[in-house]
Amino acid sequence: MEIVNLFGWEIKEKIERGEISEKEVFDAFYERASSSSLNTFITLAEGREEKKEGKLRGIPFGIKDNILVRGMKNTCGSKILHDFIAPYDATCIERLKKEGGVILGKTNMDEFAMGSSNEYSAFGPVKNPFDPERVPGGSSGGSAAAVANLEVPIALGSDTGGSVRQPAAFCGVFGLKPTYGRISRYGLVAFASSLDQIGIIARTVKDIALTLEVIAGYDPMDSTSSPEGVPPYSKIIEEPCGYKTLGVPEELISGCDEEILNAFQRTLEILQRLGHKIVRITLPHAKYYLPTYEIIAMAEASSNLARYDGVRYGLRVEGESAEEIIEKTRMRGFGPEVKRRIMVGTYVLSKGYREEYYGKAQRVRTIIKEELEEALREVDFIITPTAPFLPFKLGERKEDPIKMYLSDVFTVFANLAGLPAISIPGGRINGLPWGFQVTGRAWDEENLLTFAYHLEREGGWSLRQ
Amino acid sequence: MIEKLEKLASLRLGEEERKKLLEDVKEILHWVEILKEVDTEGVLPTTHPFLSSLPLREDKPGVSLPDEEIFKNTKGRSGRFFKIRRPGWR
Amino acid sequence: MEFEAVIGMELHVQLKTETKLFCSCRVEFGAPPNKNVCPVCLGMPGVLPVLNKKAVEHALRVAIALNCRINRESLFARKNYFYPDLPKGYQITQYTTPIGWNGWIDVNGKKIRIKRVHLEEESAKTVLEGDYAYIDFNRAGIPLVEIVTEPDLTSPGDAVQFVKTLQTLLRYLGVSDADMEKGQLRCEPNVSVRRRGEEKLGTRREIKNLNSIRSLERGIRYEIDQQIKILSSGGEVERATLLWDEKEEVTRPMRMKEEEEDYRYFPEPDLPPLLLTEDFIKEIRKTMPELPHERKERLIKEGLREYDADILTRDLERGRYYDEVVSLTSDPPETAKWVITELKEKFPPARELAWIINAVKEGKITRNAGKEILKEVIEKGKPAEEIVKEKGMTQVSDEEEIRKLVEQAFEMHPEEKERLFSGERKLVGFFIGEVMKLSGRRANPGVVKRMIEEMLG
């Protein structure tokens, strides 16, 4: 088997047994990534760090370009940070490196993680490895496409409303968004702080489990990170899974494309054959998930993106006064989608409208959260397709923001309620990948990953070619 | 409306851009209005996904940024200062 | 027409901590520009705030000392606006739930209500020069408490007294040096004027840039005069924020009402609510230092005159020194006299002054000798006892010795002796002086007087 076909954990074991060297591994992936025609990476590492023992020894990682790696460019897919060199390591990067993980490069993304197709990158769109005329999903499109295209075995992304899971589904790989607070956000460039969570993309659940056990856990630099204990996921997932009860929220998935619904139906049948129980659940507020999410995400984003003013770092467009410099820098530095969201976010927080929009959304968020927690008392997991449609053509949704936002219709609830969710590749429809999403209880990545791992092995969803 | 938002967001727009953006903003605001249907009487807002208490840091100095890193990404610099055109009172 | 002023006050106080409010960069005066900065206080991408415990304790002390109600759960908020000195494009502050609210402070017998006490972060320092602004982020992120009063002050003098009282209080609490000239304490009064007897408040205007007690007093006075002028000529006062021009001694408008900012406050998602537990608050209450009014009461109870007690309360450093000395002399009035009248800037070790006071009391040395010794102790840093031995300054109280000296003085001034003995009693003083001279100021004046009177019969 070629090196690039190996899973992350296999690479580590082969290195430890002396069957392959760190250099061979790095070179093989570097070669593949640098010759890729998918526009997956914005920056590739200049060299390998010194080799180190550890749980991730020698495994190359693709890192979304909004997670800071010291000394490397961190563009966030934006012109405003096109030449910004990170002055520090994100906490998750520090932990990866400490366990011998190797940074291969920084992956392409929608500008400031705002988008679902990767077309809003200032560095050009990423292409779907299954059809270069189609989008890879977003905003972690570079990470998902790179993993699917064997340019890197594991990649990190960020997920504010589905930005890890939806591209994972579009590219036919696994993508986990852990519980909010599970992985430190220190060093993740903020989009919407109360929704953002770092996620992991790989071709096997075992790689996700292994990565999660290294990077998860309390970080004194992130006051919202949880002191909750981190179990050894990569071992736990091998244990028996048992039979689970999965809830299907009918209201939520009713608007889904026919072909996806059919494939999803077949998936449910396979699950039943495996002995799991499928039940219908009711989520009465399902139609409010997306608008609630958008208001909160945009409001927080409008504030989080205020620091890009050209004063201390990043792009600066000169002018006659400080105010003019700041206005012009932001005008030239941000792309249309980012501006759109900043404007709406500013509006919903402004005097006279704050309660009507932002305040309302925060209250509806409480209702949504309770509704989901209630549902998860009845069932072990909530199951839905990851996205309502197949990977679409480049340009198809780019000019219509609301059409684009609909990509996240099944994914945002996990962020609103802080729940862990994983997208599992469901196979192909007309040659294009699709995925389904399993959402678990807060802090219960353990059961979620175990379930996904057993499906991968027994359900015929393995990606080993 | 858009001029006020431009000012608040410190984000100037070109003529064409402004027109398109205003339409989009209105459309999005209209789209989210559906939330008004939800009865939120007596419901508390969620400000953080989980209830937790704020951890406090001991008042002990740590490491500041080394000099060479401070201005690495800076466009306007004068000696040890960040430099920018003077603000005019708005 | 009679007018009266209504004044409220907003104060910003830099807290005395080792590190900044949300990062562990040092708080240090006189450091080279941008020395104490890190990704957090420079607002780099990806950073998050982590709250300083000491700053919370300090803010809580202030709130308790101002008799505030304490919010057990207090939330941080973002105040959004753009300015080159604001690294993140928002300031982390407290909005709906300040640490303390609804308090009061007594200023010379008048109760001034405190609306709120909250924690927030400081902005960077900007130096304007020509067409450019030069920004130093050492100051960015220093912890501040903001104290807001109800409009309970009625004159510039009131405002000055209030600020002075607060300054003393903050220094007592050890939470700030509260030096206005150094920017550690900044006052922004809001002033309105109304016709006497009217209930409704007039339109208020805020004054910024008052950098000293003097500016505070003059700025408010100027603004009151301006508003009275406008009102008496039938005009209306417009809401505005004003800047005090220290050179010209006038206020200038910074922005008018229509340009009022919209700060788009919302809860800071990066910081969960600050929960102040019962134990935490108890601990702070237990470790509260003696407050100014408590101290003054205690000193009076100990036997000091109100005037002395007041001095030793306002001047905390002197007051604390007094405490140390008095614990070694057990004579409050005498000790206060020495500490207040005989010491300027430099204080000798407390045990040295106590030794001198005790020696005078015991008659070992004269009061004048004591003063001289004190001077030398301060200048040369030598122990008082050593100086006394070296100079042979021990007081002479031996009656025989003094009798001899008195006789010597009589011999030197036969004419005055004659007059004294024929009944001119006021010459006793003259001879005491002479004996003191002869003794090298070592004679005990009390004994000298008694001896002279004895010899007169």
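Residues numbered from 1 in each chain as written. Chains lettered and ligands numbered in written order. Predicted model: local features only at pLDDT ≥ 70, side-chain atom pairs only at ≥ 80, totals over all residues.

### Quick notes on the overall build of chain B
Here is step 1: Per the secondary structure count, chain B includes 3 helices and 3 strands.
Here is step 2: Counting from the amino terminus, helix and strand elements in chain B follow one another as α-α-β-α-β-β.
Here is step 3: Seen along its three principal axes, the alpha-carbon backbone of chain B occupies a region of about 55 × 45 × 25 Å.
Here is step 4: Taking all 90 residues of chain B together, the buried fraction comes to 33%. (Helix = DSSP H or I, 4+ residues; strand = E, 2+ residues; numbered from the N terminus. Buried ≥ 20, exposed ≤ 12 C-beta atoms within 10 Å, placed from the backbone.)

### Comments concerning the overall build of chain A
Here is step 1: The helix and strand tally for chain A stands at 16 helices and 11 strands.
Here is step 2: For 465 residues, the compact-globule formula gives about 23 Å, and the C-alpha radius of gyration of chain A, at 21 Å, lands near that figure.
Here is step 3: Projecting the C-alpha coordinates of chain A onto the three principal axes gives extents of approximately 70 × 55 × 45 Å.
Here is step 4: Taking all 465 residues of chain A together, the buried fraction comes to 66%. (Rg over C-alpha atoms; globule rule 2.2 N^0.38 Å.)

### Brief notes about the nonpolar core
Here is step 1: Grouped together as the largest cluster of nonpolar side chains are 252 residues, with contacts concentrated most on Phe61(A), Val147(A), Phe174(A), Ile201(A), Ala452(A), Ala59(C) and Val117(C).
Here is step 2: Setting aside chain neighbours within four positions, we find Val147(A) in contact with Gly62(A), Val152(A), Ile154(A), Ala155(A), Val173(A), Ile201(A), Ala202(A) and Arg203(A). (Core = buried A, V, L, I, M, F, W, Y, C linked by C-beta atoms within 7 Å. Contact = placed C-beta atoms within 7 Å.)

### Regarding the interface of chain B and chain C
Here is step 1: In this complex, chain B contributes 27 residues to the contact, which on the side of chain C involves 38 residues.
Here is step 2: Breaking the side of chain B that touches chain C down by element, the ones donating at least two residues are strand 1 (56-57) and strand 3 (81-85) of chain B.
Here is step 3: Of all the elements, strand 3 of chain B adds the most residues to the side of chain B that touches chain C, at 5 residues.
Here is step 4: Residues belonging to the side of chain B that touches chain C are distributed by class as follows: 11 nonpolar, 8 polar and 8 charged.
Here is step 5: Bridge count between strand 3 of chain B and strand 10 (residues 132-136) of chain C: 4 bridges; the pairing is antiparallel. Its bridge partner lying in strand 10 of chain C, Phe82(B) is registered against Ile135(C). (Nonpolar A, V, L, I, M, F, W, Y, C, P; charged D, E, K, R; others polar. Pairing = 2+ DSSP bridges.)

### Considering the interface of chain B and chain A
Here is step 1: Between chain B and chain A, the contact holds 43 residues from the first and 56 residues from the second.
Here is step 2: Only helix 1 (2-8), helix 2 (15-31) and strand 3 of chain B provide two or more residues apiece to the side of chain B that touches chain A.
Here is step 3: For the side of chain B that touches chain A, the element with the highest residue contribution is helix 2 of chain B, accounting for 7 residues.
Here is step 4: Considering only residue class, the side of chain B that touches chain A consists of 25 nonpolar, 9 polar and 9 charged.

### Here's the deal with the domain arrangement of chain A
Residues and elements named next belong to chain A.
Here is step 1: Taken domain by domain, chain A consists of domain 1 (3-241 + 419-458) and domain 2 (287-361).
Here is step 2: Measuring from the centre of the C-alpha atoms in domain 1 to the corresponding centre in domain 2 gives 27 Å.
Here is step 3: Listed per partner, the contact involves 20 residues of domain 1 and 17 residues of domain 2.
Here is step 4: Taken together, the residues of the side of domain 1 that touches domain 2 sort by class into 11 nonpolar, 7 polar and 2 charged. (Domains from an automatic or database assignment.)

### A closer look at the pairing of strand 10 (residues 421-429) of chain A
All names here are of chain A.
Here is step 1: Pairing of strand 5 (residues 174-177) with strand 10 involves 3 bridges; the strand directions are antiparallel. In the strand pairing of strand 10, lysine 177 is matched with alanine 421.
Here is step 2: The pairing of strand 10 with strand 11 (residues 432-439) spans 8 bridges and is classified as antiparallel. Within strand 11, the position partnered with glycine 427 by the bridge is tryptophan 434.
Here is step 3: Following strand 10, the chain reverses through 2 residues before pairing antiparallel with strand 11; asparagine 430 in that reversal takes a positive phi of roughly 50 degrees.

### Quick word on the packing of helix 10 (residues 289-304) of chain A against helix 12 (residues 336-349) of chain A
All names here are of chain A.
Here is step 1: Where helix 10 contacts helix 12, the axes come no closer than 7 Å and their chain directions differ by 100 degrees. Here helix 10 lies roughly perpendicular to helix 12, going by the angle between them. Between helix 10 and helix 12, the contacting residues are Ile295, Met298, Ala299, Ala301 and Ser302 on the first element and Arg341, Ile342, Val344, Gly345, Thr346, Val348 and Leu349 on the second. (Axes fitted to C-alpha atoms, helices over the stretch in contact; angles between N-to-C directions. Parallel < 35°, antiparallel > 145°, perpendicular 65-115°, else oblique.)

### A few points about helix 7 (residues 316-329) of chain C
Residues and elements named next belong to chain C.
Here is step 1: Taking 1.5 Å per residue, 14 residues should reach 20 Å; helix 7 reaches 20 Å between its end C-alpha atoms and fits that length.
Here is step 2: Those residues of helix 7 lying buried are Gly319, Tyr321, Tyr322, Val325 and Val326. Buried residues of helix 7, viewed axially, fall in a sector of 160 degrees; they line one side. Facing away from the buried side of helix 7 by more than 90 degrees, the exposed set consists of Glu317 and Ser327.
Here is step 3: Against the buried residues of helix 7 lie helix 5 (292-301), helix 6 (306-314), helix 8 (332-341) and helix 9 (350-361).
Here is step 4: Residue serine 330 follows helix 7 closely and has a positive phi angle near 55 degrees. (Expected span 1.5 Å × (residues − 1). Arc of directions from axis to C-beta.)

### Let's talk about the sheet that holds strand 10 of chain C
Here is step 1: Strand order across the open sheet formed by 4 strands is 2(B)-3(B)-10(C)-9(C), with antiparallel pairing between neighbours. Only two strands of the sheet have a single partner each, and these edge strands are strand 2 (77-78) of chain B together with strand 9 (125-129) of chain C.

### Remarks on the packing of helix 10 (residues 367-380) of chain C against helix 11 (residues 384-391) of chain C
All names here are of chain C.
Here is step 1: With their axes 9 Å apart at the nearest point, helix 10 and helix 11 run at an angle of 120 degrees to one another. Comparing the axis directions of helix 10 and helix 11 gives the class oblique. Remark: the crossing between helix 10 and helix 11 carries right-handed chirality. Contacts between helix 10 and helix 11 involve Ile373, Glu376 and Val377 from the first element and Ala384, Ile387 and Val388 from the second. (Left-handed = near helix turned anticlockwise from the far one by under 90°.)

### Looking at the sheet that holds strand 5 (residues 76-80) of chain C
All names here are of chain C.
Here is step 1: Read from one edge of the open sheet, 3 strands run 6-5-16, paired in antiparallel fashion. Two strands lie at the open edges of the sheet, namely strand 6 (90-94) and strand 16 (266-267), each paired on one side alone.
Here is step 2: Both strand 5 and strand 16 contribute to a ladder of 2 bridges, which runs antiparallel. In the strand pairing of strand 16, alanine 77 is matched with proline 267.

### Looking at helix 12 of chain A
All names here are of chain A.
Here is step 1: Here helix 12 is 14 residues long and its end C-alpha atoms lie 20 Å apart, about the 20 Å a rise of 1.5 Å per residue gives.
Here is step 2: Summarising burial for helix 12: 12 of the 14 residues are buried, a large majority.
Here is step 3: Where helix 12 is concerned, the buried positions are Val338, Lys339, Arg340, Arg341, Ile342, Met343, Val344, Gly345, Thr346, Tyr347, Val348 and Leu349.

### Some thoughts on the pairing of strand 1 (residues 3-14) of chain C
Residue and element names in this part refer to chain C.
Here is step 1: With 11 bridges joining them, strand 1 and strand 12 (residues 185-195) adopt antiparallel strand pairing. Pairing of glutamate 10 across the sheet is with glutamate 188, part of strand 12.
Here is step 2: The pairing of strand 1 with strand 11 (residues 143-149) spans 5 bridges and is classified as antiparallel. The partner of glutamine 14 across the bridge, within strand 11, is leucine 144.

### Observations regarding the environment of Lys60(B)
Here is step 1: Along the chain, the position of Lys60(B) falls in the loop between strand 1 and helix 3 (67-70).
Here is step 2: As for Lys60(B) and Gly42(B), which are separated by 18 residues in sequence, their C-alpha atoms are 43 Å apart.
Here is step 3: Other than its neighbours up to four places away in sequence, Lys60(B) contacts Glu18(C), Thr19(C) and Ser24(C).

### Side note on the environment of Lys182(C)
Here is step 1: As for its placement among the helices and strands, Lys182(C) is situated in the loop between helix 2 (156-173) and strand 12.
Here is step 2: Measuring from C-alpha to C-alpha, the distance between Lys182(C) and Ala133(C) comes to 20 Å, with 49 residues separating the pair along the chain.

### So, the environment of Ile142(C)
All names here are of chain C.
Here is step 1: On the secondary structure map, isoleucine 142 appears in the loop between strand 10 and strand 11.
Here is step 2: Placed 22 residues apart in sequence, isoleucine 142 and glutamate 120 show a C-alpha to C-alpha distance of 8.6 Å.
Here is step 3: Dropping the residues within four chain positions of it, isoleucine 142 is found in contact with Gln14, Lys20, Leu21, Val27 and Glu122.

### Quick notes on unusual backbone geometry
Residue and element names in this part refer to chain A.
Here is step 1: The omega angle of the peptide bond from glycine 138 to serine 139 is 5 degrees, so this bond is cis rather than trans.
Here is step 2: With respect to the helices and strands, the residue serine 139 is situated in the loop between strand 3 (102-107) and helix 4 (141-148).
Here is step 3: The residue tryptophan 443 is not glycine, and still its phi comes out positive at about 70 degrees.
Here is step 4: Tracing the sequence through the fold places tryptophan 443 in the loop between strand 11 and helix 16 (445-458).

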